[in-house]
Amino acid sequence: MTERWFDDAAGPVVRPYAMTRGRTRGASDEPLDLIALVLAEDERPTVPADAEKSEEAGSDGVEGQPTRAETEERFQYEHRLVPEHLDILRLCREELISVAELAAALDLPVGVVRVLLDDLLDVELVRVTRPVPPAELPDESVLREVIDGLRAL
Amino acid sequence: MVFGRARRARQNAPDPVALKVLVAGGFGVGKTTFVGAVSEIKPLRTEETLTEASVPHDSTAGVERKTTTTVAMDFGRITLSDSLVLYLFGTPGQDRFWFLWDELAQGALGAVVLADTRRLEDCFAAIDYFERRAIPFAVAVNCFDGAQSYPEETVRAALDLDAGVPLLLCDARRRESARDVLIAAVRMACSTTAISTSRADSRRRASQRSSGTPASRSRAARTVSSG
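Values in this document were obtained by computation on a predicted structure and should not be read as measured data.

1. Overview of the overall build of chain B
- Scanning chain B from terminus to terminus reveals seven helices and seven strands.
- Listing each helix as α and each strand as β along chain B from the N terminus yields α-β-α-β-β-β-α-β-α-β-α-β-α-α.
- In chain B, of all internal contacts separated by at least 6 residues, the share reaching a separation of at least 24 is 77%.

What follows is the structure in C-alpha cells.
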C-alpha cells in the first residue's frame, strides 16, 4: 500500500517530448538563446474579453456565442497547438519572460520549450528578441543602467 | 490576420534587453545561495546532449539509446526596468557538465567566480575558463564561518589574478554583499568593452599562460593552505 507512487513521485504522466510529437528540434537552424525574450504578438487574450464579445456579437450570431472553452479549443485546433503552447502564450502576456524562464515556469526541459516556441514563431503568435552580445552593445549607457539598477536593489 | 493591428503598434517600441552574468565556482562554494540572495530564483532544468565527457559518468548501460541527460542549474532574474532584465546563471559545479558552459558563456556580460579559501583550487578551472575566453569577471571570496581569513594579496597571488581583476570578500547569504559583487563584475565588463584592445591582450596572455599557469596556481594554493 505505502509502496505506491503518487503524483510527483510517480514522475510525469506525459513524457516531455510527447508534447512536441517527438521532435527534439524545431524548424529553425539555430537553437533559441536561453535569455532570448519571448513577446506575444497579439495583445488580446486567446479568448476575447466579454466586452469585446458583445461588440462583435453581430458577426457570429447572438445565440450561438461560443463558450470560453470552445473558443480556446478552436484556436488551438486552427493553429495546431497543444495546451503547453497556450501556457507559453499566457505567460509571455503576463510579463517580460525569457526562454529559460518559460522552461522553469512550465517545469519543462529547455529543449521541449524551444521546439514549442519554434511552432509559435512559425504561426507568428510570438516574436523573440535576439540577445545583444556585450561587444555589440551600442554604447556603455546600458551597462551604466545595469549598475544603477543593481545599486538600487 | 486578426492581430495585425496590435503587431504594428508593438513595433514602435524598442526591444527589451536581456543580459546575463554567470556565477561560477567549485561545488558547494555558495553559488545557489548567492543567486538566491540577490535575485528571484527559478528552478531550471535543461536536457543536454550527452558528450564523450559525460558518458563515463552517466552510465548508459541498458539504455544505450539515451543520448541526453538532464541538468539542473541555478537561475535567477533581476528586473532592472520595464525593458531591461539581468539573468544570473549558476554554472554547473561538477566537472562533467563543463560542456554546458560554452552555451552559457556565449554572450555573457561577465562572470562572478566564487572562491572558498579552504579549497581555493576549486575555482582555478573557472578563472582559466573566463580568462581564455576574455569574459570579464570578478572574484568573490565567500567568507564561511570558521574559515581562516587571508590578506587580499595572499589570495590574489594564490589565484595568480591579473591586477585589474576585482577581488572582493563577500557573504553570499547577504543581498547587499552579493549585489556589490555583481556590480564589480559589471564594472569590469564596462571597462573591458570600453577598451576592446585590452580584450585581445588578455586573451593573448591567457593563452600564453594556459601552458604554465595551472602548476603555478596550485603551487600558490599550497602556500596558502599551509600558511
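2. Looking at the overall build of chain A
- Within chain A, the secondary structure is distributed over seven helices and three strands.
- Its helices and strands taken in sequence order, chain A reads β-α-α-α-α-β-α-α-β-α from the N to the C terminus.
- By residue count, 28% of the 153 residues in chain A fall in the buried class.
- The contacts of chain A with a sequence gap of at least 6 include a subset with a gap of at least 24, amounting to 75%.

3. Concerning the pairing of strand 6 (residues 137–142) of chain B
Residues and elements named next belong to chain B.
- Along strand 6, six of the six residues are buried, which leaves the element largely enclosed by surrounding structure.
- Going residue by residue along strand 6, you find Phe 137, Val 139 and Val 141 tucked away on one face and Ala 138, Ala 140 and Asn 142 tucked away on the opposite face as well.
- Both strand 6 and strand 7 (residues 167–170) contribute to a ladder of four bridges, which runs parallel. When the bridges of strand 7 are listed, Val 141 appears paired with Leu 169.

4. Describing the interface of chain B and chain A
- Counting residues at the interface gives 37 residues for chain B and 33 residues for chain A.
- Top element by residues in the side of chain B that touches chain A is helix 6 (residues 175–194) of chain B. It accounts for ten residues.
- Split into classes, the residues belonging to the side of chain B that touches chain A amount to 22 nonpolar, five polar and ten charged.

5. Some points on the nonpolar core
All names here are of chain B.
- With 86 residues, the main nonpolar core has Ala 111, Val 112, Val 113 and Ala 185 as its most contacted residues.
- The greatest single-element share of this core, amounting to nine residues, is contributed by helix 6.
- Once residues within four sequence positions are removed from consideration, Val 113 is found in contact with Ala 24, Gly 25, Cys 123, Ala 126, Ile 127, Phe 137 and Val 139.

6. Re the sheet that holds strand 3 (residues 126–128) of chain A
All names here are of chain A.
- Taken in spatial order, the three strands of this open sheet run 2-1-3, and their pairing is antiparallel. Either end of the sheet is taken by a strand with one partner, and the two such strands are strand 2 (97–98) and strand 3.
- Bridge count for strand 1 (residues 37–40) against strand 3 is three bridges, and the pairing is antiparallel. Among the inter-strand pairings, Ala 40 is bridged to a residue of strand 3, identified as Val 126.
- Taken strand by strand, helix 6 (residues 110–122) contacts strand 1 and strand 3, and its axis lies near 115 degrees from that of strand 3.

7. Topic: the confidence of the model for chain B
Residues and elements named next belong to chain B.
- In this model, chain B carries an average pLDDT of 76, and 66% of its residues clear a pLDDT of 70 or more.
- Predicted confidence for residues 208–216 stays below pLDDT 50, and this span has five contacts to residues more than four positions away or in other chains.
- Under a pLDDT of 50 for its full length, residues 218–227 has, in the predicted model, 13 contacts with residues more than four places off or in other chains.
- In the predicted complex, the global pTM is 0.75; the interface-specific ipTM is 0.74.

8. Quick notes on the packing of helix 4 (residues 83–94) of chain A against helix 6 of chain A
Residues and elements named next belong to chain A.
- Interaxial distance between helix 4 and helix 6 falls to 10 Å at its minimum, and their mutual angle equals 75 degrees. By the angle between their directions, the pair helix 4 and helix 6 is classed as roughly perpendicular. Only Leu 116, Leu 117, Asp 119 and Leu 120 of helix 6 make contact with helix 4, whose side of the interface consists of Glu 84, His 85 and Ile 88.
- Across the contact of helix 4 with helix 6, the residue classes tally to four nonpolar, one polar and two charged.

Analysis parameters
- Residues numbered from 1 in each chain as written.
- Chains lettered and ligands numbered in written order.
- Predicted model: local features only at pLDDT ≥ 70, side-chain atom pairs only at ≥ 80, totals over all residues.
- Helix = DSSP H or I, 4+ residues; strand = E, 2+ residues; numbered from the N terminus.
- Contact = placed C-beta atoms within 7 Å.
- Buried ≥ 20, exposed ≤ 12 C-beta atoms within 10 Å, placed from the backbone.
- Pairing = 2+ DSSP bridges.
- Nonpolar A, V, L, I, M, F, W, Y, C, P; charged D, E, K, R; others polar.
- Core = buried A, V, L, I, M, F, W, Y, C linked by C-beta atoms within 7 Å.
- Axes fitted to C-alpha atoms, helices over the stretch in contact; angles between N-to-C directions.
- pLDDT = per-residue confidence, 0-100.
- Parallel < 35°, antiparallel > 145°, perpendicular 65-115°, else oblique.

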